[in-house]
Amino acid sequence: MATRRVVISQRDDGSSFVASDGESMRSHDFIYTPGMSESILWSTQGEELLSRQDQALWVRRRLPAKRDTVFLTVTFPPDSVFTSEDFDVTRASREQGLLAPDLVDHFEPGSHGMHATPTIDYVVVVTGEIWLDLGDAEPIHLVAGDTVVQNAARHAWRNLSQEPVTLAIVMVGIA
C-alpha cells in the first residue's frame, strides 16, 4: 500500500516550501502475508533532526538506534490470514527477515508475534480496529483515532476483526 507523503522544508530565508509530494519510496506489500504492507515515511539519525535529505530512502533498520527515529505505516490483515491452511509461516518469516532482520530478532519464537524492542513507539490507529496483547493482561481493544505510547514493553498486535487495520508509528530508539 503506497502512502502519500508530503515533506515540507524551509529555505535559508525562513520561507516554507514543499520539498516533495508523492508516494513513499519505501513501500512493501508482503507476498507471503497477504494484506500486510508497510511504508517507511521518514527517518532521522542522531542529532540531525532537520535533515533535508530523505533518510528513509536508505534506512536499513526498522528499529532505530539510540536517538534515531523511524516513521512508518503498517497495515495488518485479519489474524485469520495467519491461521489459514494456505499460510506458509516459513516463507512469511523469511520475507519479514529479509525486510527487517533487526526487528525479527526481537520476536519470541512460537509466541505469535510477542516482542519487545528498545524503542518508545507512538502509535495511532488510522483505520480499522486492533487488539494490543500484553501477554498476561486482558488485550486492549483499539479503534481508529486511538493512540498508544509503547515504552519498550513486551507486546503483540492482534487483528481479530475481518478487515485490515492500519497503524501510523513513530519509533524512537532508546538503546
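Structure report, in brief. Because the structure is predicted, anything quoted here is derived from the model rather than measured.

### Focus: the sheet that holds strand β9 (residues 147-151)
And step 1. Spatially, the six strands line up as an open sheet ordered β3-β4-β5-β11-β6-β9, and their pairing is antiparallel. Taken across any chain shown, the strands that pair with only one partner, and hence form the sheet edges, are β3 (26-29) and β9. Each adjacent strand pair in this sheet contributes to an overall mean axis angle of 20°, direction not counted.
And step 2. Taken together, the four bridges between β3 and strand β4 (residues 37-44) define a ladder with antiparallel strand orientation. Its bridge partner being in β4, R26 is matched across the sheet by I40.

### As for the sheet that holds strand β7 (residues 129-133)
And step 1. On the basis of which strands lie adjacent, the open sheet formed by three strands has the order β8-β7-β10 and antiparallel pairing. Each edge of the open sheet carries a strand with a single partner, namely β8 (140-143) and β10 (156-158). Across the sheet, the mean angle from the axis of one strand to that of its neighbour is 30°, orientation sign disregarded.
And step 2. In terms of strand pairing, β7 meets β10 through three bridges, oriented antiparallel. Following the sheet pairing, D133 is matched in β10 by A156.

### Focus on the pattern of salt bridges
And step 1. Per the counting criterion, the structure on display carries four salt bridges.
And step 2. Between R158 and D133 there is a salt bridge, and its shortest N-O distance comes to 3.1 Å. With R158 in strand β10 and D133 in strand β7, this residue pair connects regions lying 25 residues apart in the sequence.

### A few points about the nonpolar core
And step 1. Formed by 21 residues in total, the largest nonpolar core has its most connected members in F76, I130, L142, W157, L167 and I169.
And step 2. Elements supplying a minimum of two residues to this core: β5 (69-76), β6 (119-127), β7 and β11 (165-173).
And step 3. Here L167 is in contact with L72, T73, V74, F76, V123, V124, V125, V126, I130 and W157, once residues within four sequence places are set aside.

### A closer look at unusual backbone geometry
And step 1. Phi is positive for R67, which is not a glycine, with a value near 70°.
And step 2. Residue R67 is classed as exposed on the basis of its relative accessible area of 52%.
And step 3. Non-glycine residue A152 carries a positive phi angle of around 55°.
And step 4. The topology assignment puts A152 in the loop between β9 and β10.

### A few points about the side chain of T73
And step 1. Looking at where T73 falls in the secondary structure, it is placed in strand β5.
And step 2. Looking at T73, the relative accessible area reads 9%, which means it is buried.
And step 3. A polar contact is formed between the side chain of T73 and the side chain of T3, at a distance of 3.5 Å.

### Considerations on the environment of S43
And step 1. Following the sequence through the fold, S43 ends up in strand β4.
And step 2. Linking S43 and H155, residues 112 residues apart in sequence, is a C-alpha distance of 23 Å.
And step 3. Within polar-contact distance, the side chain of S43 engages the side chain of Q45 at 2.9 Å.

### Examining the pairing of β9
And step 1. The alternating pattern of β9 places V148 and Q150 on a buried face, while none of T147, V149 and N151, on the opposite face, is buried.
And step 2. Two strands pair when backbone bridges link them, and β6 and β9 are joined in this way by five bridges, in the antiparallel orientation. Following the sheet pairing, Y122 is matched in β9 by V149.

Reading the values: the criteria
Residues numbered from 1 in each chain as written. Predicted model: local features only at pLDDT ≥ 70, side-chain atom pairs only at ≥ 80, totals over all residues. Heavy atoms only, no water. Pairing = 2+ DSSP bridges. Helix = DSSP H or I, 4+ residues; strand = E, 2+ residues; numbered from the N terminus. Axes fitted to C-alpha atoms, helices over the stretch in contact; angles between N-to-C directions. Salt bridge = Lys/Arg side-chain N within 4 Å of Asp/Glu carboxyl O. Core = buried A, V, L, I, M, F, W, Y, C linked by side-chain atoms within 4.5 Å. Buried < 20%, exposed > 50% of the residue type's maximum accessible area, 1.4 Å probe, protein only. Contact = heavy atoms within 4.5 Å. Polar contact = N/O pair within 3.5 Å; in protein donor to acceptor, adjacent residues only side chain to side chain.

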